[in-house]
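# A look at the structure
Here's the letter readout for the chains.
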Amino acid sequence: DLVSKFDAQTTGVVIYINEQSIINQTKMGNKVQVYHLEVKYKYSVSGQVYVQIDKVKGTGLNNKRLKEVWNSNKSINVLYRTENPAQSMVELKR
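Structure report, in brief. (Residues numbered from 1 in each chain as written. Predicted model: local features only at pLDDT ≥ 70, side-chain atom pairs only at ≥ 80, totals over all residues. Heavy atoms only, no water.)

This next bit is on helix 1 (residues 60-71). Its 12 residues place the ends of helix 1 16 Å apart at the C-alpha level, agreeing with the 16 Å of an ideal helix rising 1.5 Å per residue. Buried within helix 1 we find N62, N63, R65, L66 and V69. For helix 1, the angular spread of buried residues about the axis comes to 165 degrees, placing them on one side. Within helix 1, the exposed residues directed more than 90 degrees away from the buried face are G60 and N71. (Helix = DSSP H or I, 4+ residues; strand = E, 2+ residues; numbered from the N terminus. Expected span 1.5 Å × (residues − 1). Buried < 20%, exposed > 50% of the residue type's maximum accessible area, 1.4 Å probe, protein only. Arc of directions from axis to C-beta.)

In structure tokens:
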């Protein structure tokens, strides 16, 4: 389980969200599908600031949650490893 690798959490700030999409051809025509969302964020641990990019699966629910974050205060929960705080991922509230 990927999340279990991270043993600490903090609050980060989203810098940008970039949709990575693909175009699928169907019988009904072309359809744009969001493949993943690239989230650039920053956070700090013990006074050290980290800037990272995480790729989040492009589901409708994840897209909605990230838009809520972006349209509010841009705060996001960040999970990281205490032995190496540069290793992190964003956690979308459920």
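Let us now look at the nonpolar core. Core analysis: the biggest nonpolar cluster contains 16 residues, and V39, Y41, Y43, V56, L66, I76 and V90 have the highest contact counts within it. When contributions to this core are tallied by element, the ones reaching two or more residues are strand 1 (8-26), strand 2 (29-45), strand 3 (48-57), helix 1 and strand 4 (75-81). Take this core: its biggest share by element is 5 residues, from strand 2. (Core = buried A, V, L, I, M, F, W, Y, C linked by side-chain atoms within 4.5 Å.)

This paragraph deals with the pattern of salt bridges. In total, this model carries 2 salt bridges according to the counting rule given. For the salt bridge of E68 with K64, the shortest nitrogen-to-oxygen distance reads 3.2 Å. Here E68 pairs with K64, and both are found in helix 1, just 4 residues apart, close to one helical turn. E83 is paired through a salt bridge with R81; the nearest N and O atoms lie 2.4 Å apart. (Salt bridge = Lys/Arg side-chain N within 4 Å of Asp/Glu carboxyl O.)

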